[in-house]
Amino acid sequence: MQSRVSDIDSRLTIPPTDWYQSLTAAGLLNPEVHGPARYWLQVEGSFTRALQKQCSNSFHVEVRREGFATPTQEEARRLRIPHRQHAWIREVSLCGDNQPWVLARTVIPLKCLEGEGRRLLHLGNRPLGAYLFTSPHWQRGPLETGLCRPVIPGQPELARRSLFSGHNSSLLVGEYLLPALFQRNTL
Ligand SMILES: C=C(O[C@@H]1C=C(C(=O)O)C=C[C@H]1O)C(=O)O
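Quick summary incoming for the structure in this document. Model, not experiment: these values are computed from the prediction.

Let us look at empty space enclosed by the protein. Tallied over the full model, the rule gives one cavity of 30 Å³ or more. A volume near 190 Å³ is recorded for the largest cavity. Along the walls of the largest cavity sit 19 residues, with Thr 48, Leu 128, Gly 129, Val 173 and Glu 175 positioned nearest its centre. Put simply, the parts of the chain that give the lining of the largest cavity at least two residues each are helix H3 (47–54), strand S4 (87–96), strand S5 (99–109), helix H5 (128–132) and strand S9 (170–177).

Of the voids in this model, the largest pocket is the one considered here, and its volume is about 230 Å³. Along the wall of the largest pocket there are 15 residues; nearest its centre are Trp 19, Thr 72, Glu 75, Arg 105 and Tyr 176. Of all the secondary-structure elements, those providing two or more residues to the lining of the largest pocket are strand S2 (17–20), helix H4 (73–79), S5 and S9. When residues in the lining of the largest pocket are grouped by element, the largest group, four residues, is from S9.

As a matter of local geometry, the ligand sits amid 16 residues, with Phe 47, Thr 48, Arg 90, Leu 128 and Glu 175 nearest to it. In this structure, an oxygen atom belonging to the ligand sits 2.7 Å away from a main-chain N or O atom of Phe 47. Here an oxygen atom of the ligand and a backbone polar atom of Leu 128 are 2.8 Å apart. Out of a free accessible area of 380 Å², the ligand has 100% covered by protein chains. Most atoms of the ligand, that is more than half of them, are within 2 Å of grid points of the largest cavity. Elements supplying a minimum of two residues to the shell around the ligand: H3, S4, H5 and S9. For the shell around the ligand, a count of residues per class yields 10 nonpolar, three polar and three charged.

Our next topic: the environment of Cys 55. Looking at the element boundaries, Cys 55 is found in the loop between H3 and strand S3 (59–69). Looking at Cys 55, the relative accessible area reads 16%, which means it is buried. For the pair formed by Cys 55 and Asp 97, sequence separation is 42 residues and the distance between their alpha carbons is 5.9 Å. Those residues in contact with Cys 55 that sit more than four places away from it in its chain are Gly 96, Asp 97 and Trp 101.

Turning our attention to unusual backbone geometry. Of note in this structure, Asp 97 is not a glycine but carries a positive phi near 45°. A relative accessible area of 27% means that Asp 97 is categorised as partly exposed.

Rules used throughout
- Going along each chain's sequence as written, the residues are numbered from 1 onward.
- Local features in a predicted model are, by the rule used here, given only for residues with pLDDT of at least 70; side-chain atom pairs are given and counted only at 80 or more, and totals for whole chains, interfaces and linings are based on all residues.
- The side-chain quantities take in all heavy atoms of the structure and omit both hydrogens and water.
- Site definitions follow a grid-based scheme: protein atoms alone, a 1 Å grid, a 1.4 Å probe that fits but cannot get out for cavities, and for pockets an open set with protein on both sides within 12 Å along at least five of seven lines, plus lining residues having an atom within 4 Å of a point.
- Grid points are joined across faces, edges and corners, and a volume is the space filled by probe spheres set on the points.
- In DSSP terms, a helix is any run of H or I states spanning at least four residues, a strand is any run of E spanning at least two, and both are numbered starting from the N terminus.
- Put simply, a residue is near a molecule or strand once any heavy atom of it comes within 4 Å of that molecule or strand.
- Polar contacts here mean pairs of N or O atoms no more than 3.5 Å apart (in protein, one a potential hydrogen donor and the other a potential acceptor; neighbouring residues in sequence count only if both atoms are side-chain atoms).
- Here, Shrake-Rupley sampling with a 1.4 Å probe gives the accessible areas, and only protein chains in the shown set may cover a residue.
- The rule for placing a molecule in a cavity or pocket is simple: more than half of its atoms must lie within 2 Å of the grid points.
- Basically, the charged four are Asp, Glu, Lys and Arg, the nonpolar ten are Ala, Val, Leu, Ile, Met, Phe, Trp, Tyr, Cys and Pro, and anything else, Gly included, counts as polar.
- Under the scheme applied here, a residue whose accessible area is under 20% of the maximum for its type counts as buried, over 50% as exposed, and between as partly exposed, the area being computed with a 1.4 Å probe on protein chains only.
- In what follows, residue pairs with any heavy atoms lying within 4.5 Å of each other are defined as contacts.

The following block contains the structure:
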């Protein structure tokens, strides 16, 4: 997988994460999910759109790594694909007013890349949400809540993820909230 991270900022890496079917279930282990991050863990519709609304000036997507790689065993299970099958994996920072607010990791199985899905290989700095929410055949599944186990101070502690299902395949989008997002006083 190609990395475009020139200024390696280790806070901007994704820690191991345990996933729960609901915010309530995750909240039994970490009540922080009910704090200022709660809005972001539950917001519906395009996450990109929700972030854009919070920006005073600009929003942009920075690709950190993308390429064919093997998903984790847990991701493969969630996607119901063979464990060792390669997938297109895209990791980005979603930045508001030039600050990274969210890290996102999307696992796109080979089946999603067929036909018009080939466009997913060439998103570059265009947000994935713009593609998923303007193409009528993608349906979002229920949101899961993630509790991260940071290994480096400043890494995300809370996350959300969901499957987007297309004609006959699904992709998995995980969004990891950086403290800078919900420690602002604007919501
Ligand atoms: C799924 C969405 O797309 C957003 C954009 C992403 C990207 O460009 O890789 C990844 C995760 C998202 O939060 C969305 O806007 O809801």
